[in-house]
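# Secondary and tertiary structure notes
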Amino acid sequence: KTEKAEFDITGMTCSACSARIEKVLNKTEGIHQATVNLTNETATVEYSGDINENDIIARIQKLGYDATLRA
Ligand code: 9UX
């Protein structure tokens, strides 16, 4: 089953930031599709049941940005 979640990301200041996060997420096991929007400071992620929202947040934080699940 594919899950979909939206995240708020803080700390992105240029388009290389968003491209970097997007690239890493799309290479992450369990993530099917990740789109990062620099202007809106959001990420939309489709993923499988092998990972959860907290795993995705941890992956983003490891890159040096903060992320929270969008309500
Ligand atoms: Mo742009 Mo982002 O020079 O970590 S890549 S600020």
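Above this text is the structure in question.
Residues numbered from 1 in each chain as written. Predicted model: local features only at pLDDT ≥ 70, side-chain atom pairs only at ≥ 80, totals over all residues. Heavy atoms only, no water.

## What about helix α2 (residues 53-62)?
Convention followed: For the exposure calls, accessible area comes from a 1.4 Å probe over protein chains only, and a residue counts as buried if that area is under 20% of its type's maximum, exposed if over 50%, partly exposed in between. Numbering goes from the N terminus for both helices and strands, where a helix is a DSSP run of H or I of at least four residues and a strand is a run of E of at least two. This arc corresponds to the set of directions leading from the helix axis out to the C-beta atoms. Note on contacts: a residue pair is in contact if any heavy atoms of the two residues lie within 4.5 Å. Polar contacts, as counted here, are pairs of nitrogen or oxygen atoms within 3.5 Å of one another; within protein the pair requires one atom able to donate a hydrogen and one able to accept it, and residues that are adjacent in sequence qualify only if both atoms are side-chain atoms.
By the burial criterion, the buried members of α2 are Ile-56, Ile-57 and Ile-60. One face of α2 carries all of its buried residues, which in axial projection span an arc of 100°. Across α2 from its buried face, at more than 90 degrees, point the exposed residues Asn-54 and Lys-62. In this fold, the buried residues of α2 make contact with β1 (3-10), α1 (15-27), β2 (31-37), β3 (42-47) and β4 (66-69). With a side-chain oxygen lying 2.9 Å from the backbone nitrogen of Asn-54, the N-terminal cap of α2 falls on Asn-52. Just downstream of α2 lies Gly-64, where phi reads positive at about 105°.

## With respect to the packing of α1 against α2
Quick reminder of the rule: Here the axes come from fitting lines to C-alpha atoms, over the contacting stretch only for helices, and the angles between their N-to-C directions go from 0 to 180 degrees. By the definition adopted for this analysis, an angle is roughly parallel if under 35 degrees, roughly antiparallel if over 145, roughly perpendicular if from 65 to 115, and oblique otherwise. Note: crossing handedness is left-handed where the near helix turns anticlockwise from the far helix by less than a right angle, and right-handed where it turns clockwise. The nonpolar class holds Ala, Val, Leu, Ile, Met, Phe, Trp, Tyr, Cys and Pro. Asp, Glu, Lys and Arg form the charged class, and all remaining residues, Gly among them, are polar.
Direction vectors running N to C along α1 and α2 enclose 135°, while the axes themselves pass 10 Å from each other. Judged by the angle between their axes, α1 and α2 are oblique. When you trace α1 past α2, the crossing you get is right-handed. Facing Ile-21, Val-24 and Leu-25 of α1, the residues of α2 in contact are Ile-56, Arg-59 and Ile-60. Classifying every residue of the contact of α1 with α2 gives five nonpolar, no polar and one charged.

## Focus on the sheet that holds β3
So the rule is basically this: Any two strands with at least two DSSP bridges between them are considered paired.
One open sheet holds the four strands; their spatial order is β2-β3-β1-β4, and the pairing between them is antiparallel. What marks the edges here is a single partner per strand, and that holds for β2 and β4. The sheet shows a mean angle of 25° between the axes of neighbouring strands, direction not considered.

## Remarks on the nonpolar core
Filter applied, for reference: To define a nonpolar core, start from buried Ala, Val, Leu, Ile, Met, Phe, Trp, Tyr and Cys residues and group those joined through side-chain atoms within 4.5 Å.
Core analysis: the largest hydrophobic core is formed by 21 residues, its most contacted members being Ile-9, Ile-21, Val-45 and Ile-56. Only β1, α1, β2, β3 and α2 provide two or more residues apiece to this core. With four residues, the top contributor of residues to this core is α1. Residues within four places of Val-45 in sequence aside, it is in contact with Glu-3, Lys-4, Ala-5, Phe-7, Leu-25, Ile-31, Gln-33, Ala-34 and Ile-56.

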